[in-house]
Amino acid sequence: MPSNPALVLLFSGKRKSGKDYITDRLQQRLDENKSKIIRLSGPIKQQFADDNGLDYSQLLTASDYKEKYRSEMITWSEAKRAQDKGYFIREAIKMFEGLCGAMNLVWSCKKTCGLKISPLFFKTSLKWSLLFGSKYPIWIVSDMRRRSDLAWFREHHPDAVYSVRIMATEEARKKRGWVFTPGVDDAESECDLDMVTSWDMEVDNSQEESEGHLLSVLDSLLTLCSERVLAAATAGRCDAVSNTTENQVP
C-alpha cells in the first residue's frame, strides 16, 4: 500500500481572499474517501475555546463572534508556537485526517442551513473519528499562514507538497467584508508569507463573477490530484512486487 499523503495542497492568502471558498469547492469535486481538508486553525480554536469558556463551533465560522476574539487568540497562539513551532500542525493533522463522512455532512449543514452544533458534539465526534477514521492520500491544508508552516510540511512531506497562493485586491476583499484591523492584519499570522515568492501556483481570486477562471484552476488542481494519487498507487504496487520478490525463497 502507498503511504499517505500522496499530495499535500498548501493554500494560503490574506483574510477574505477566498481560501475557504476555493478549498471547499475543490473538496466538493474530489472523492471524499481520498481527500480531506485540514484546517491548521482547528486545534488553536478548540484549545483557546476550552481555556476561555468560549463556543468552539462559533469560532469555526466566518462570524463576528470569531472576529471579536481573533486578536486575543493570535497573541495566545503565538506564545504556544514560540515553544514548539510544529505543535498546532501536528494537532491539526491528528484532528482532521481521521474525520469521517458524517462530520463533513454536519459541517456542510452548519454552513448552508445555520445548524447549531454544540462544542461537546465536536469533541465527541473528533475522538470517535480518530478511532475509526481512515487516512487520505490528498490533504488540503486550507489556511497556511507562516513560513514555519511551509518549512514543516516541506521537511516532513518533501515529495508531496504543492503550494497555492490565493490573491485578491483590497477592493475585492472589502466587498467581502474585510476591514483592516490593527493587531490582526499587520500581525505575523497575516504577513509572514508576504515575502515568499516560490509558489507552485498563484491564483487571482479578485473577480467573483469569473467562474470560468475558477473552474480552470479547479480543473488544474483535480488533474494534479489524479496524477499524484495514480503515481503513488503505482509506486506502492511496484514496491509490493519488489518486496515479494526479495522475500521469496530461491
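Structure: see above.
The text that follows walks through the structure, step by step, so that each part is easy to find. (Residues numbered from 1 in each chain as written. Predicted model: local features only at pLDDT ≥ 70, side-chain atom pairs only at ≥ 80, totals over all residues. Heavy atoms only, no water.)

Across its full length, the chain holds eleven helices and five strands. The buried share among the 250 residues of the chain stands at 49%. Contacts spanning at least 24 positions in sequence make up 81% of the contacts within the chain whose residues lie at least 6 apart. Counting every atom, the chain has about 13300 Å² of accessible surface; 54% of that belongs to carbon and sulfur. (Helix = DSSP H or I, 4+ residues; strand = E, 2+ residues; numbered from the N terminus. Buried < 20%, exposed > 50% of the residue type's maximum accessible area, 1.4 Å probe, protein only. Contact = heavy atoms within 4.5 Å. Areas by Shrake-Rupley, 256 points an atom, 1.4 Å probe, with all protein chains shown as cover.)

This next bit is on empty space enclosed by the protein. Tallied over the entire structure, the rule returns one cavity of 30 Å³ or more. Looking at the largest cavity, the residues that line it are Gly13, Met144, Arg145, Arg165, Ser189, Glu190, Cys191 and Leu193. Here the element with the most residues in the lining of the largest cavity is helix H10 (residues 188-191); it accounts for three residues. A class-by-class count of the residues in the lining of the largest cavity yields three nonpolar, two polar and three charged. (1 Å grid on protein atoms, 1.4 Å probe; cavity = no way out; pocket = protein on both sides within 12 Å on 5 of 7 lines; lining within 4 Å. Points joined across faces, edges and corners; volume = space filled by probe spheres on them. Nonpolar A, V, L, I, M, F, W, Y, C, P; charged D, E, K, R; others polar.)

Within the element layout of this structure, Val8 appears in strand S1 (residues 7-13). Val8 gets classed as buried once you look at its relative accessible area, which sits at 0%. When the C-alpha atoms of Val8 and Pro158 are compared, they prove to be 9.5 Å apart, with 150 residues separating the residues in sequence.

The tendency in soluble globular proteins is for nonpolar side chains to be buried as a group. Core analysis: the biggest nonpolar cluster contains 22 residues, and Leu9, Phe11, Leu26, Ile140, Tyr162, Val164 and Leu221 have the highest contact counts within it. Listed by contribution, the elements that provide at least two residues to this core are S1, helix H1 (19-29), strand S3 (138-141), strand S4 (161-167), strand S5 (201-204) and helix H11 (211-247). Aside from chain neighbours lying at most four places away, what touches Ile140 is Leu9, Phe11, Thr23, Leu26, Gln27, Leu30, Lys36, Ile37 and Ile38. Judged by nonpolar contacts, the second largest core, of 19 residues, contains Ala92, Leu150, Trp152 and Val161. (Core = buried A, V, L, I, M, F, W, Y, C linked by side-chain atoms within 4.5 Å.)

Attention now moves to the pairing of S3. By the alternation rule, side chains of S3 split into Ile138 and Ile140 and Trp139 and Val141, which are all buried. Alignment of S1 against S3, held across four bridges, turns out to be parallel. In the strand pairing of S3, Leu7 is matched with Ile138. (Pairing = 2+ DSSP bridges.)

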